[in-house]
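Notes for the structure review
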Amino acid sequence: ENWIAELASKAAAPYGRRYKESLFRLHFVPPGILRTQAAFLRRAFPPDRDAKPTVLWYSRRDCDKRHVKSEDEVIDALRTRFKGRLDVVSWAGGATPDAKRAAAAWSRAALVVGPHGAGLANMVHCAPGTVVLVLPAGGAGG
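A few points on the structure. The numbering scheme is per chain: residues are counted from 1 as the chain's sequence reads. For a predicted model such as this one, the threshold for reporting local features is a pLDDT of at least 70, and the threshold for listing and counting side-chain atom pairs is 80 or more; totals across whole chains, interfaces and linings nevertheless cover every residue. Heavy atoms from the whole structure form the basis of all side-chain values; hydrogens and water molecules are not counted.

**So, the layout of surface pockets**
The volume enclosed by the largest pocket comes to roughly 440 Å³. Using only the protein atoms, space was sampled on a 1 Å grid; points where a 1.4 Å probe fits but cannot get out form cavities, open sets with protein on both sides within 12 Å along at least five of seven lines form pockets, and lining residues are those with an atom within 4 Å of a point. Lining the largest pocket are 13 residues, and of these Leu34, Leu120, Ala121, Met123 and Val124 sit closest to its centre. Computed from the structure, the second largest pocket encloses a volume of approximately 210 Å³. Surrounding the second largest pocket, 14 residues form its lining, Pro47, Arg49, Ser107, Arg108 and Ala127 being those nearest its centre. The residue makeup of the lining of the second largest pocket, split by class, is eight nonpolar, two polar and four charged. Grid points are joined across faces, edges and corners, and a volume is the space filled by probe spheres set on the points. Each residue gets one of three labels, nonpolar for Ala, Val, Leu, Ile, Met, Phe, Trp, Tyr, Cys and Pro, charged for Asp, Glu, Lys and Arg, and polar for the others, Gly among them.

Next up, the structure:
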């Protein structure tokens, strides 16, 4: 981490700026703000405490890029793996965001699986302890 701070310091020196924090900390939202946002959203869209937990597949099927080409096979594999224990639901909401619908789906998830992308920000609706498996971005088109 020191080399990053040193590099940032050298790059900023001609402009009279020096970063005392790592660039990572400057880029990402502090955890306390995320916890506050999550608490606000849980009050605005309370989770259904009686809903059965699910495995949520985050789909990019409705987006323009970075689709998972083998999405149907991944969903089938998840359904086979969790058959009789957890329902597997596919959630797509990138093209038409809807906070109420996202909160209802993501708050039920015991496990979230999906490709890396901004749509995973919906994890803010997940209960603490929810397991998230992020698939790394593949080549062109996923």
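On we go.
**Notes on the pairing of strand β3 (residues 109-115)**
To sort residues, take the accessible area from a 1.4 Å probe on protein chains only and compare it with the maximum for the residue type: under 20% means buried, over 50% means exposed, and anything in between is partly exposed. Counting from the N terminus, the helices are the DSSP runs of H or I reaching at least four residues and the strands are the DSSP runs of E reaching at least two. With six of seven residues buried, β3 lies mostly within the body of the structure. Here strand β1 (residues 54-58) runs beside β3; their pairing, made up of four bridges, is parallel. Across the sheet, residue Leu56 finds its bridge partner in β3, namely Val112. For two strands to be treated as a pair, DSSP must find at least two bridges joining them. Relative to strand β4 (residues 131-135), β3 runs parallel, the two sharing five bridges. In the sheet register, Gly114 faces β4, and the bridge partner there is Val134.

**Some words on the nonpolar core**
In this structure, Leu56, Tyr58, Trp91, Ala102, Ala105, Trp106, Ala109, Val112, Leu120 and Cys126 together form the largest nonpolar core, which totals ten residues. Every element with two or more residues in this core is listed here: β1, α5 (99-106) and β3. Discounting chain neighbours no more than four positions away, the residues touching Tyr58 are Trp91, Trp106, Val113, Gly114, Pro115, Gly119 and Leu120. Throughout, nonpolar core names a set of buried Ala, Val, Leu, Ile, Met, Phe, Trp, Tyr and Cys residues whose side chains join them through atoms within 4.5 Å. One finds Val55, Trp57, Ile75 and Val88 within the second-largest nonpolar core, a separate group that totals nine residues. Residue contacts are counted whenever heavy atoms from the two residues lie within 4.5 Å of one another.

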